[in-house]
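A structural walkthrough
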Amino acid sequence: MTRGGRYLAAVGGVAAGAVALAGLAPTADRVAAWWGVGVGLVLQTPLGWWAIQSIGTERFLAIWVLGMLVRLTVVVIAALVVLPVLGPRAEAMLGAMVGVLVALLAVEGATAFREHSREDR
C-alpha cells in the first residue's frame, strides 16, 4: 500500500471513530460535535495529504509549517466566532474539531515517520 493509501485508510478510521464518539455526546451537543468532526476532517485531510506527498522533498518543512499555521488560525477563528454564537454548545464543536485535528496530526506524523525510516534503509 502506498503512503497515500495508508494515510487515507487511517483518515477513514479516525473519521469513523470520531463520528461514533460524537454520537455519544449528550443530545443537545451532538449536532455541534458532528460539525466539529466534519470541520476537522475537511481541514486536516487535504493539509495532511499535501504534507505526506512532500515527504523527502526540500519543501516538506515549509509545507508542514504552513499547514500548522492554517490549523491554528482556523481553531482561533472558530473559537472567536463559534463561541459567541453557540454558547455552551461551542465546547462540543471545538473539542471535536481539535480532537480530530490532533488524531489526524498523529496519523500524519506516523506516516511521515514510517516513510522517513524507510528512506534510511
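That block above? That's the structure.
Heads up: these notes are all about the structure in this document. (Residues numbered from 1 in each chain as written. Predicted model: local features only at pLDDT ≥ 70, side-chain atom pairs only at ≥ 80, totals over all residues. Heavy atoms only, no water.)

1. Digging into the overall build of the chain
- In terms of regular secondary structure, the chain is built from four helices and zero strands.
- Put simply, the chain runs from its N terminus to its C terminus through helices and strands in the order α-α-α-α.
- Seen along its three principal axes, the alpha-carbon backbone of the chain occupies a region of about 50 × 25 × 15 Å.
- Looking at the chain residue by residue over its 121 residues, the buried ones come to 36%.
- Of all intrachain contacts in the chain linking residues separated by at least 6 positions in sequence, the fraction that spans at least 24 positions is 72%.
- Roughly 7,000 Å² of accessible area belongs to the chain as shown, and the carbon and sulfur atoms make up 74% of that amount.
- Here the chain carries 9 positive and 7 negative side-chain charges, and the mean point of each set is 6 Å from the other. (Helix = DSSP H or I, 4+ residues; strand = E, 2+ residues; numbered from the N terminus. Buried < 20%, exposed > 50% of the residue type's maximum accessible area, 1.4 Å probe, protein only. Contact = heavy atoms within 4.5 Å. Areas by Shrake-Rupley, 256 points an atom, 1.4 Å probe, with all protein chains shown as cover. Lys, Arg positive; Asp, Glu negative; His and termini not counted. Charge placed at Lys NZ, Arg CZ, Asp CG, Glu CD.)

2. Some points on the packing of helix H1 (residues 3–23) against helix H2 (residues 27–53)
- At a closest axis distance of 10 Å, the pairing of H1 and H2 adopts a crossing angle of 170 degrees. When the axes of H1 and H2 are compared, the pair comes out roughly antiparallel. Between H1 and H2, the residues in contact are Arg3, Gly4, Tyr7, Leu8, Val11, Ala15, Ala18, Val19, Ala22 and Gly23 and Arg30, Ala33, Trp34, Val37, Leu41, Gln44, Thr45, Gly48, Trp49, Ile52 and Gln53, respectively.
- Its residues assigned to classes, the contact of H1 with H2 comprises 13 nonpolar, six polar and two charged. (Axes fitted to C-alpha atoms, helices over the stretch in contact; angles between N-to-C directions. Parallel < 35°, antiparallel > 145°, perpendicular 65-115°, else oblique. Nonpolar A, V, L, I, M, F, W, Y, C, P; charged D, E, K, R; others polar.)

3. Focus: a nonpolar patch on the surface
- A contiguous nonpolar patch, built from Leu72, Val76, Ile77, Leu80, Val81, Val85 and Leu86 and spanning about 660 Å² of accessible area, is present on the exposed surface.
- For valine 81, the location among the structural elements is in helix H3 (residues 60–86). (Patch = residues over 30% accessible without salt bridge, like charges linked within 9 Å, V, L, I, M, F, W, Y side chains within 5 Å. Salt bridge = Lys/Arg side-chain N within 4 Å of Asp/Glu carboxyl O.)

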